[in-house]
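Examination of the molecular architecture
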Amino acid sequence: MSDFRIGDDDFLLDGQPFRILSGALHYFRVHPDQWRDRIRKARQMGLNTIETYVAWNAHAPREGEFDLTGGLDLGRFLDDVAAEGMRAIVRPGPYICAEWTNGGLPAWLFTSGTVGVRRDEPQYLAAVDAYMRQLAPVLVPRQIDRGGPVILVQIENEYGAYGDDPVYLRKLVELNRDIGLTVPFTTVDQPTPDMLENGSIPGLHKTASFGSRSLERLATLRQHQPDGPLVCSEFWDGWFDHWGAHHHTTSVEESARDLDDLLSAGASVNIYMFHGGTNAGFTNGANDKGVYQPLVTSYDYDAPLDEAGNPTVKYWAFREVLSRYTALADEDVPAEASDAPVLDARLTSVVPLAQVVESLGTWASFDHVPTMEELGGFEGFALYRTGIDEAGTGVLEFAEVRDRAIVTVDGAPVGVLARDHHDHAIALPAGARGTLEILLEDQGRVNYGARIGEAKGLIGPALLNGRPPARWQAMALDLNDLSAVRDAASAAATEAEVLAGPAFGVGEFVRDEPADLFLSTRDWGKGSVWINGVNIGRYWSRGPQHTLYVPAPLVRAGVNEIIVLELQAARTRVEFVARPDLGHTES
């Protein structure tokens, strides 16, 4: 057991000055069998600490559930950190941003419409209290004064950019102490006077988040944190990507110079990100500052360790900078990246979504257009139906579409309503009559700003030819179990070269041994992919990302299954390529 505290000028580990050299690594974005490898590579780069958020909604996808198994085994992750001789910083939120869906807050928390968001509100704080008590058995015994690796815990996350409720922050501190956390507590905000003051309270050590002009930003931080160590707890070395935008990179030379400036000033650092990982499944977040922008599947972040865990040019540049401030073992270095296996396969069966939809959910009836939350669905897709009883030229419109809706009448395509284009109305064909059907996709919940916690789905009122439909049928699609798709695929062999969506394509590929793979999506439209039953993420032809990373632990020696849900159209060819394609790079 050791003692860790904040001194007059430095962090003190057992009474001796200790500089935190940390890297961000989110356990929930990395396959658990790869955690140890990534942690070791952080140590090899010269770091001594690993920082992670805790994604509340990943652990609690439904009210009353709390999962700490598999890829959500935070205890195992922290034990892996300790086994590599590293310290740990934990940021449990409850809000984390992280470009993660809903900023880590569970969608079910806001179904009542009366729960507060990131403020002193009884329902919200009661839920946070329950969440932290579920984390306590993991975090408390793994603190440094109990023999574990955890040296710091962060309260909230960049709160000064959202609110200024000191009572809320004080109650979070009390809650964290009450569950048994004894290590020092910090806050983080961007280095502006308002944010630094609004985002913290006395007794919490202020830190800053920035990626350039290090000395200037540290000077601003010092004005608001006059004693104790200076800390950049998010040193932004890259950035995230949105669908339809360019792939972001940052200059290796400039990032290394800013890191050196920061360390030369005696500050501690957490490199955000050291290794980004993947927004697998439906976990990507979104921004909405007037235009809705969902994030891509890759969270590569242009980090020192790329999405597949390989060291980049930035890794070696940062390692050289760190060597000026900490001792490195020259022989202790990770291997360079090698090309992934290249192989071809086919989607040999095509199953229209309409053929299996009755097995993917349960219809419910409403006298209004329901949100996904009303359907008990919090991610992915929902299907809506109503009837057009009177033929004529008309319009279908909603107050809002969150986030993308494919509209058909009696199975014939009508068009798409897209939130990022501010579409909420569509003209129906002349003489349209029959079943109006809408396949709604949640493209990712907003993770930053005022729209955190908003409902998903079709937002009413809904009008059809100027009048509200008398009755809706709707269901949330459960895509966690695709056994109905597999059963249908066994009788749906095809030689077709094109998969017309919305439909599932099912196929196989063979590997002699497990290996990291990069699945090319260049010939596909828009959808999601499952490898051996695991949803590895979304793809979209608009880019910038045109490959999906397949972690080696998901790949079997022998026959492997691939299932694609294509919403538009795709070639049935399946191609794995040697290198990732994250898009044209711009600074």
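The following paragraphs examine the structure supplied in this document. Predicted model only: the values in this text are computed from it and were never measured. (Residues numbered from 1 in each chain as written. Predicted model: local features only at pLDDT ≥ 70, side-chain atom pairs only at ≥ 80, totals over all residues. Heavy atoms only, no water.)

1. A few points about the pairing of strand β7 (residues 150-154)
The buried fraction of β7 amounts to 5 of the 5 residues, a majority that puts the element mostly inside the structure. Judged from the 3 bridges that link them, strand β6 (residues 87-91) and β7 form a sheet pairing that is parallel. Pairing of V90 across the sheet is with V153, part of β7. With helix α4 (residues 122-139) bridging β6 and its parallel neighbour β7, the resulting β-α-β unit is right-handed. The pairing of β7 with strand β8 (residues 185-189) spans 2 bridges and is classified as parallel. (Buried < 20%, exposed > 50% of the residue type's maximum accessible area, 1.4 Å probe, protein only. Helix = DSSP H or I, 4+ residues; strand = E, 2+ residues; numbered from the N terminus. Pairing = 2+ DSSP bridges. Right-handed = clockwise from strand over helix to strand, strands pointing away.)

2. Brief notes about helix α1 (residues 35-45)
Within α1 the residues assigned to the buried category are W35, R38, I39, K41, A42, Q44 and M45. As for α1, its buried residues are in contact with β4 (21-25), β5 (49-53), α3 (74-83), β12 (268-275), α9 (313-322) and β30 (547-550). Looking one or two places after α1, you find G46, whose phi comes out positive at around 120°. (Contact = heavy atoms within 4.5 Å.)

3. Brief notes about the environment of P166
Within the secondary structure, P166 is located in helix α5 (residues 166-178). Between the C-alpha atoms of P166 and I201, which are 35 residues apart in sequence, the distance is 6.4 Å.

4. What to know about a negative patch on the surface
A contiguous patch of negative charge on the surface is contributed by D8, D9, D10 and D227. By the secondary structure assignment, D9 is in the loop between β1 (4-6) and β2 (11-13). (Patch = residues over 30% accessible without salt bridge, like charges linked within 9 Å, V, L, I, M, F, W, Y side chains within 5 Å. Areas by Shrake-Rupley, 256 points an atom, 1.4 Å probe, with all protein chains shown as cover. Salt bridge = Lys/Arg side-chain N within 4 Å of Asp/Glu carboxyl O. Lys, Arg positive; Asp, Glu negative; His and termini not counted. Charge placed at Lys NZ, Arg CZ, Asp CG, Glu CD.)

5. Quick word on the pairing of strand β9 (residues 205-210)
Burial within β9 is extensive, with 6 of its 6 residues counted as buried. Here β9 shows a buried face lined by H205, T207 and S209 and a second buried face lined by K206, A208 and F210. Both β8 and β9 contribute to a ladder of 4 bridges, which runs parallel. Its bridge partner being in β9, T187 is matched across the sheet by K206. Taken together, β8, helix α6 (residues 193-198) and β9 constitute a β-α-β crossover, and its handedness is right-handed. Sheet topology note: the β9/strand β10 (residues 231-236) ladder contains 3 bridges and is parallel. For S209, the partnering residue across the bridge sits in β10 and is E234. Regarding topology, helix α7 (residues 214-224) serves as the crossover connection from β9 to the parallel β10, and that connection is right-handed.

6. A closer look at the pattern of salt bridges
In total, this model carries 42 salt bridges according to the counting rule given. Two residues, K456 and D403, come together in a salt bridge whose shortest N-O distance is 2.5 Å. Of the two residues, K456 is situated in the loop between β22 (434-441) and β23 (457-464) and D403 in the loop between β18 (395-402) and β19 (404-409); the sequence distance between them amounts to 53 residues. Take K456: its relative accessible area is 0%, and that puts it in the buried class. A relative accessible area of 0% means that D403 is categorised as buried. In this structure, the salt-bridge partner of E454 is R419, at a minimum N-O distance of 2.7 Å. Note that E454 is positioned in the loop between β22 and β23 and R419 in the loop between β20 (412-418) and β21 (425-427), a separation of 35 residues in sequence. The burial state of E454 is the same as that of R419; both residues are buried. Here the salt bridges do not stand alone but share partners, grouping D288, E400, R402, D403, R419, D442, R451, E454 and K456 into one network.

7. Description of the sheet that holds strand β3 (residues 16-18)
Strand order in the open sheet made by the 3 strands is β1-β2-β3, with antiparallel pairing throughout. Looking at the sheet topology across the chains shown, the edges are occupied by β1 and β3. For this sheet, the mean angle separating the axes of adjacent strands, direction not counted, is 40°. With 3 bridges connecting them, β2 and β3 associate as antiparallel partners. By the bridge assignment, F11 is partnered in β3 with F18. (Axes fitted to C-alpha atoms, helices over the stretch in contact; angles between N-to-C directions.)

8. Observations regarding the side chain of T371
Positionally, T371 belongs in the loop between β16 (364-366) and β17 (381-388). By relative accessible area, which is 15% here, T371 ends up buried. Setting aside its immediate chain neighbours within four residues, T371 contacts Y384, A455, K456, L458 and I459.

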